[in-house]
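Breakdown of the fold
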Amino acid sequence: MKLVVMNCKNCNAPLHLVDGKLVCEYCDSVTEIQKDSSDVAFERVANAEEYIRRSLDQKKENLQKHYQELEAQKLEKEANEEKLKKARRLRSMLKTFVWLILIFVFVAAIVAGMIFLVKKADDKKREEEAARHEEMLRNKPESYRLTKTELLSDGYFEKEAEKMALEYLKDDHKGSVYETTDDGINIWSMEQEPELVEKYLITTEHGNGLYFFYKLVLETDDGLTKEGYDCVVISDIYLDKDGKITTDGEYRIHREASGSFDYCFALDFDLDSMRYDIVEKKKANEDRLYFVYDL
């Protein structure tokens, strides 16, 4: 920087430096100081500390802005990733829901189809049974007593009738019987195969029936047993026009209340008492309404 001694241009008096300007103390004229490159360099050196501080502050501010931008970008990225995860979860849930609906519709269609087929088969079976029953009724004599000889001549029918009676009996007693006692509750169930003990052919002027007497054993888990008896009747047995024994297919459990019949167990605990009420009374009928044959 050049040092130049300057006087006022107006009055030639010395100039003084005031706030970076030359001021005349006599005429108060002001002269601007012209700076060259060396002046700027001098000011930079003279104000190096301030310059460095400002530069550092600026860099710090720039770094803070940079880190703030990076943090904002990170938060935005995390927010976008969270939104993407939620969207994926929602899409997965929707996909699963759609599959569940499709599976449900498919299963429902299968079940509906099976129900329809079963119902159709049942309807067809009922129609066939109704037609067969109607045909039987057309061929059935108005009054006909079947004899023991005629029945025993058809061994196949007797075996099939016995099989049907057994299945009907087991179906009727397939449930458990709950008995309340002082010690708690006993649960009785039929675990053993029913035993056929007696069978009879009983005829009237209007129909013939096979009576099967079975012995049943009910048991509990504690090993308790209870023996009882039941009777299955296959009614409306007759000789068809082809000479074969047949029936209209009506089976029922005989329920004549004897002194030892228990409605809870649906059993008669005295075989003699049950036989008397179902068979012996018919044998002793004076009007000969019943013919009873031991088989």
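Let us look at the structure shown here.

Conventions used here
- Residues numbered from 1 in each chain as written.
- Predicted model: local features only at pLDDT ≥ 70, side-chain atom pairs only at ≥ 80, totals over all residues.
- Heavy atoms only, no water.
- Buried < 20%, exposed > 50% of the residue type's maximum accessible area, 1.4 Å probe, protein only.
- Helix = DSSP H or I, 4+ residues; strand = E, 2+ residues; numbered from the N terminus.
- Pairing = 2+ DSSP bridges.
- Expected span 1.5 Å × (residues − 1).
- Bend = angle between axes of the 7 residues up to and from the residue.
- Contact = heavy atoms within 4.5 Å.
- Polar contact = N/O pair within 3.5 Å; in protein donor to acceptor, adjacent residues only side chain to side chain.
- Phe/Tyr/Trp six-rings, centres within 6.5 Å; stacked < 30°, edge-to-face > 60°.

1. As for the pairing of strand β2 (residues 21-24)
The alternating pattern of β2 places Leu 22 and Cys 24 on a buried face and Lys 21 and Val 23 on a face that is not buried. The sheet contact formed by strand β1 (residues 15-18) and β2 spans four bridges and is antiparallel. Directly across from Leu 15, in β2, lies its bridge partner Cys 24. Hairpin connection from β2 to strand β3 (residues 30-32): five residues lie between these consecutive antiparallel strands, with Asp 28 at a positive phi of about 60°.

2. Regarding helix α5 (residues 271-283)
Its 13 residues place the ends of α5 17 Å apart at the C-alpha level, agreeing with the 18 Å of an ideal helix rising 1.5 Å per residue. Maximum bend of α5: about 45°, positioned at Asp 277. Residues of α5 that are buried: Leu 271, Ser 273, Met 274, Arg 275, Asp 277, Ile 278, Val 279 and Lys 282. Taken together, the buried residues of α5 touch β6 (195-204), β7 (207-219), β8 (225-239), β11 (267-268) and β12 (291-294). With a side-chain oxygen positioned 3.0 Å from the backbone nitrogen of Asp 272, the residue opening α5 is Asp 270.

3. Looking at the packing of aromatic side chains
According to the stated counting rule, one finds four aromatic pairs in the structure shown. Pairing Tyr 200 with Phe 213 gives two aromatic rings, centres 5.5 Å apart and planes at 80°, and the pair type is edge-to-face. Residue Tyr 200 is located in strand β6, and its partner Phe 213 is located in strand β7; the two are separated by 13 residues in the primary sequence. Look at Tyr 200 and you get buried, because its relative accessible area is 6%. Exposure remark for Phe 213: the relative accessible area of 0% places this residue in the buried category. Here Phe 265 and Phe 269 contribute two aromatic rings whose centre-to-centre distance is 6.1 Å and whose plane-to-plane angle is 75°, an arrangement assigned as edge-to-face. Here the aromatic cluster, defined as three or more aromatic residues joined through ring pairs, consists of Trp 188, Phe 265 and Phe 269.

4. Details of unusual backbone geometry
Not every positive phi belongs to a glycine, and Asp 236 is a case in point at roughly 55°. Note that Asp 236 resides in strand β8. Here Asp 236 falls in the buried class, since its relative accessible area comes to 19%. Although it is not a glycine, Ala 266 adopts a positive phi angle of roughly 55°. For Ala 266, the location among the structural elements is in the loop between β10 (261-262) and β11.

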